[in-house]
Amino acid sequence: MIERIWSGKSKLYPLLLPLSLLYGLVSSLRRWGYRLGWLRSWRSPVPVVVVGNLTAGGNGKTPIVIWLVERLSQKGLRVGVVSRGYGGKAERYPVVLNKATTPNEAGDEPVLIFQRTGAPVAVSPVRRQAVEALLSQYELDIIVTDDGLQHYALQRDVELVVVDGVRRFGNGWWLPAGPMRERAKRLESVDAAIVNGGRAMPGEIPMTLLPSLAVNLVTDERVPVTELGSVVAMAGIGHPPRFFQTLNSLGVKPDAVHGFADHQDYTLDTLSSLTTGAQSLLMTEKDAVKCRGFAKDSWWYLPVDAHFSSEDEERLLSILTAAISR
């Protein structure tokens, strides 16, 4: 229902407009409060790059964070990552991740970033605490923050906004009548707008998510996803249909698909009931980090990587290196 309201396919959104106007008023006052110095913000001693979005729901931020960490590291820069840690419930914050840190403590996305990149990662609802925790343990040249565009208590040197190229901004209204955290006009003040799929508008940077080989959760075996045979697909991400569409584009026709809430907690019983007989269970990498501890031999995940044209890649990296040199 909420997707229909946000997309403009349902006419029920006017019922939520009073709450949306209140949300917009409060968020605008907070932003201007920081901008005018009425509210205090903190500047990190190293440059900060925010990868965020204007809308609620998954737009593809995490693959871009991973891409940034990998590319900047290749240039010899020491990169750290901070996050709110949605879905995690640690006893105390900040949490600096290690190999024993679980998604229940730090959230699924920070654990995924840590496992994929090996970069230092810290989480805290207060991003300043996460940054300070990293800098107390590591010598870093730059910090990338996964989400946090609206966390104005942390000053930033570069703002990258990720836009879903298919859904764009829905009906354009603030939450909860629409998907917007801030109005689309905010794009005019960011350093780059990265568009995931769909069609990029003039000045925006197009990006695609390219899948790689399917990976077995138990054995780490890697095979082409088309060789898995009969599969049931599941996704607990901001927009599950994107994952199912990716499978269709690869020629995979699942016997069934199951969409779960973003940051969903799973149990063995819940997931085991999705398949029967010789069916394989195919999930996203974000889901896989929460299932490794109880995975079955027939469970697989499909990693995806952000991909840019060589021209756009150089454009993004030049924006970042200019920020570092300031």
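Residues numbered from 1 in each chain as written. Predicted model: local features only at pLDDT ≥ 70, side-chain atom pairs only at ≥ 80, totals over all residues. Heavy atoms only, no water.

(A) Structural context of the packing of aromatic side chains. Tallied over the entire structure, the rule returns five aromatic pairs. Sitting over the face of the ring of W174, R183 holds its NZ or CZ atom 4.6 Å from the ring centroid. (Phe/Tyr/Trp six-rings, centres within 6.5 Å; stacked < 30°, edge-to-face > 60°. Lys NZ or Arg CZ within 6 Å of the ring centre and 35° of its normal.)

(B) Seen up close, helix α3 (residues 61-74). In a regular helix each residue adds 1.5 Å, so 14 residues correspond to 20 Å; α3 covers 20 Å between its end C-alpha atoms and thus fits that length. For α3, a buried count of ten out of 14 residues is recorded, marking the element as mostly surrounded by other parts of the structure. All of the buried residues along α3 are K61, T62, P63, I64, V65, I66, W67, L68, V69 and L72. (Helix = DSSP H or I, 4+ residues; strand = E, 2+ residues; numbered from the N terminus. Expected span 1.5 Å × (residues − 1). Buried < 20%, exposed > 50% of the residue type's maximum accessible area, 1.4 Å probe, protein only.)

(C) Inspection of a nonpolar patch on the surface at higher detail. A cluster of nonpolar side chains, L22, L25, V26 and L29, forms an exposed patch at the surface whose accessible area comes to about 390 Å². Examined against the element boundaries, V26 turns out to sit in helix α2 (residues 17-35). (Patch = residues over 30% accessible without salt bridge, like charges linked within 9 Å, V, L, I, M, F, W, Y side chains within 5 Å. Areas by Shrake-Rupley, 256 points an atom, 1.4 Å probe, with all protein chains shown as cover. Salt bridge = Lys/Arg side-chain N within 4 Å of Asp/Glu carboxyl O.)

(D) Representation of unusual backbone geometry within the structure. With an omega dihedral of 0°, the bond running from Y93 to P94 counts as a cis peptide bond. Tracing the sequence through the fold places P94 in the loop between β2 (79-83) and β3 (95-96). Geometrically, the link from L175 to P176 is a cis peptide bond, its omega value of 0° lying close to zero. The phi torsion at R168 lies on the positive side, around 50°, for a residue other than glycine. By the element assignment, R168 lies in the loop between β6 (158-164) and β7 (192-196). The phi dihedral of D220 falls on the positive side, at around 65°, and the residue is not glycine. For D220, the location among the structural elements is in the loop between β9 (214-216) and β10 (222-223).

(E) Representation of the domain arrangement of the protein within the structure. Segmentation of the protein into domains returns domain 1 (1-208 + 308-325) and domain 2 (213-302). Taking the mean C-alpha position of each, domain 1 and domain 2 sit 26 Å from one another. Contacts between the two partners involve 18 residues from domain 1, matched on the other side by ten residues from domain 2. For the pair domain 1 and domain 2, the summed buried area comes to about 1100 Å², and 49% of that belongs to carbon and sulfur atoms. Across the pair K290 and D108 runs a salt bridge whose closest N-O atoms are separated by 3.2 Å. Joining domain 1 to domain 2, the criterion identifies five residue pairs in polar contact (both at pLDDT 80 or more). Elements represented by at least two residues in the side of domain 1 that touches domain 2 include exactly α4 (103-106) and α5 (108-117). Ranked by residues supplied to the side of domain 1 that touches domain 2, first place goes to α5 with six residues. In terms of residue class, the side of domain 1 that touches domain 2 is built from four nonpolar, eight polar and six charged. (Domains from an automatic or database assignment. Contact = heavy atoms within 4.5 Å. Buried area = accessible area lost by both parts, 1.4 Å probe. Polar contact = N/O pair within 3.5 Å; in protein donor to acceptor, adjacent residues only side chain to side chain. Nonpolar A, V, L, I, M, F, W, Y, C, P; charged D, E, K, R; others polar.)

(F) Fine view of the UniProt feature "binding site: ATP" (unreviewed entry) in the protein. Under the present numbering, the feature "binding site: ATP" (unreviewed entry) in UniProt falls on T55, A56, G57, G58, N59, G60, K61 and T62. As for its placement among the helices and strands, T55 is situated in the loop between β1 (48-52) and α3. Ignoring any residue separated from it by four or fewer positions in sequence, one finds T55 in contact with R168, F169, P179, M180 and R181. (UniProt positions renumbered as here; feature names shortened; annotations may be inferred.)

(G) Structural view of the packing of α3 against helix α10 (residues 310-325). Interhelical geometry of α3 versus α10 gives an angle of 75° and a closest axis separation of 12 Å. In terms of axis orientation, α3 runs roughly perpendicular to α10. Residues W67, L68, R71 and L72 of α3 pack against E313, L316, L317 and L320 of α10. Taken together, the residues that form the contact of α3 with α10 break down as six nonpolar, no polar and two charged. (Axes fitted to C-alpha atoms, helices over the stretch in contact; angles between N-to-C directions. Parallel < 35°, antiparallel > 145°, perpendicular 65-115°, else oblique.)

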